[in-house]
Amino acid sequence: MEVKTKGLKLVDILTTIVIAIVFGVIYKLWGPLYSAVGAVGFHLDQFIYGMWFIASSLAYLLIRKPGVALLAEIAASSGELIMGSQWGLEVLIYGFIQGLFAELVFAAFRYRRFDVLVVSLSAVGATIGSLIMDFYKGYIEALAPWNMALFLLARFIGAILIAGVFAVSLAKALEKTGVTQMWRPASKDDYDALNR
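Residues numbered from 1 in each chain as written. Predicted model: local features only at pLDDT ≥ 70, side-chain atom pairs only at ≥ 80, totals over all residues. Heavy atoms only, no water.

1. Let's talk about unusual backbone geometry
Here is the rule we go by: Think of it this way: any DSSP run of H or I at least four residues long counts as a helix, any run of E at least two long counts as a strand, and we number them from the N terminus. Buried, partly exposed and exposed residues are distinguished by accessible area as a fraction of the type maximum, computed with a 1.4 Å probe on protein chains only: under 20%, between the cut-offs, and over 50%, respectively.
Unlike most non-glycine residues, F42 shows phi in positive territory, near 60 degrees. The residue F42 is located in the loop between α1 (10–40) and α2 (44–47) in this model. On the basis of relative accessibility, which here comes to 66%, the residue F42 falls in the exposed class. Its identity is not glycine, yet Y111 carries a phi of approximately 55 degrees, on the positive side.

2. Re a nonpolar patch on the surface
We count it as follows: Patch membership requires over 30% relative accessible area and the absence of a salt bridge. Like charges are linked within 9 Å, and nonpolar side chains (Val, Leu, Ile, Met, Phe, Trp, Tyr) within 5 Å. For the area figures, the Shrake-Rupley method with a 1.4 Å probe applies, and any residue is considered shielded solely by the protein chains shown. A carboxyl oxygen of Asp or Glu within 4 Å of a side-chain nitrogen of Lys or Arg is what we treat as a salt bridge.
On the surface, a cluster of nonpolar side chains totalling about 790 Å² of accessible area is made up of V40, F42, L44, F47, L153, I157, I160, L161 and V165. Mapped by element, the contributors of at least two residues to the nonpolar patch are α2 and α7 (145–177). With respect to the helices, strands and loops of the structure, L161 is situated in helix α7.

3. Notes on the side chain of Q46
Operational definition: Here a polar contact is recorded for every N or O atom pair within 3.5 Å, except that within protein the pair must consist of a potential hydrogen donor and a potential acceptor, and residues adjacent in sequence are included only if both atoms are side-chain atoms. The contact criterion used is simple: two residues touch if any of their non-hydrogen atoms lie within 4.5 Å.
Counting through the fold element by element, Q46 comes out in helix α2. At a separation of 2.6 Å, a polar atom in the side chain of Q46 contacts the side chain of R155. Contact partners of Q46, with chain neighbours within four places excluded, come to Y34, F151, A154, R155 and G158.

4. Overview of the packing of helix α4 (residues 68–82) against helix α5 (residues 90–108)
As a reminder of what qualifies: Convention adopted: a line fitted to C-alpha atoms gives each axis, helices being fitted over their contacting stretch, and angles between N-to-C directions are expressed from 0 to 180 degrees. Angles below 35 degrees are treated as roughly parallel, those above 145 as roughly antiparallel, those between 65 and 115 as roughly perpendicular, and all remaining angles as oblique. Note on convention: the crossing is left-handed when the near helix lies turned anticlockwise from the far helix by less than a right angle, right-handed when the turn is clockwise.
Remark: α4 packs on α5, axes separated minimally by 7 Å, with the N-to-C direction vectors making an angle of 165 degrees. It follows that α4 is roughly antiparallel to α5 by the angle criterion. For the crossing formed where α4 meets α5, the hand is right-handed. Touching V68, A69, L70, E73, I74, S77, S78, E80 and L81 of α4 are V91, L92, G95, F96, Q98, G99, L100, E103 and F106, all from α5.

5. Side note on the layout of surface pockets
Rules: Here a cavity means grid points, on a 1 Å grid over the protein atoms only, where a 1.4 Å probe fits yet cannot get out; a pocket means an open set of points with protein on both sides within 12 Å along at least five of seven lines; lining residues are those with an atom within 4 Å of a point. Grid points are joined across faces, edges and corners, and a volume is the space filled by probe spheres set on the points. Each residue gets one label: Ala, Val, Leu, Ile, Met, Phe, Trp, Tyr, Cys and Pro are nonpolar, Asp, Glu, Lys and Arg are charged, and the others, such as Gly, are polar.
The space that makes up the second largest pocket amounts to roughly 350 Å³. Surrounding the second largest pocket, 19 residues form its lining, Y49, W87, E90, Y94 and D134 being those nearest its centre. Among the elements of the structure, α1, α4, α5 and α7 are those that each provide at least two residues to the lining of the second largest pocket. Taken together, the residues of the lining of the second largest pocket sort by class into 10 nonpolar, 4 polar and 5 charged.

6. Here we look at the packing of aromatic side chains
Our working definition: Within 6.5 Å between ring centres, the rings of Phe, Tyr and Trp (the latter by its six-membered ring) count as paired, and their orientation is classed by plane angle as stacked under 30 degrees, edge-to-face over 60, tilted in between. Any Lys NZ or Arg CZ found within 6 Å of a ring centre and within 35 degrees of that ring's normal is scored as a charge over the ring.
Taken as a whole and assessed by the stated rule, the structure comprises 10 aromatic pairs. Measuring from centroid to centroid gives 5.7 Å for Y34 and Y49, while their planes differ by 70 degrees, and the two rings are edge-to-face. Within this pair, whereas Y34 is found in helix α1, its partner Y49 is found in the loop between α2 and α3 (54–63), the two being separated by 15 residues in sequence. Take Y49: its relative accessible area is 8%, and that puts it in the buried class. Taken together, a centroid distance of 5.6 Å and an interplanar angle of 90 degrees make the contact between W52 and W87 edge-to-face. Separated by 35 residues along the polypeptide, W52 in the loop between α2 and α3 and W87 in the loop between α4 and α5 bring together distant segments of the chain. Judged by relative accessible area, which is 7%, W52 ranks as buried. The exposure class of W87 is partly exposed, given its relative accessible area of 28%. Across from the ring centre of F114, 4.1 Å away, lies the NZ or CZ of R64, which sits over that ring. The ring of Y49 is capped by R155, whose NZ or CZ atom sits 3.7 Å from the centre of that ring.

Listed below in structure tokens is the structure:
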């Protein structure tokens, strides 16, 4: 019988950091794309904003332990900062808040669910965290009510699609390659949990 530990092991932390470094690079590259899409208007940039939440979702799906979502988001935002983020130090604050709100959703389910609903709810949590920061920084409160509604709708939908549905699909693909068996052997229950 395999003994499962709830705490993070060194391999869990290192794997989370590797995931975060990969997404730190993606986050850095995502910034100019976000700005370019934003120039089109209609808040199209908000549909792709959810990419900045995916490190927490994917790390949680792969490691499945408390603290991983927060650690992944902080590490990914740190990587983005080190590579010269166009937003400077504030990416660390955003990373912390978004990771914390995603982590709170996983904690609410006692770290026992790994399905698309819970991961999508964590994306909603991260979105709420990002919006709190946006209101604090004064980015969006001047929008007209109809424009604010469009802005919020686009960000929430984009987050659910990218950091929820896409993250689960990516986790399934990684599970099928067998790469995740290095730190967590996949069982039938794991696959069933992803399909709920």
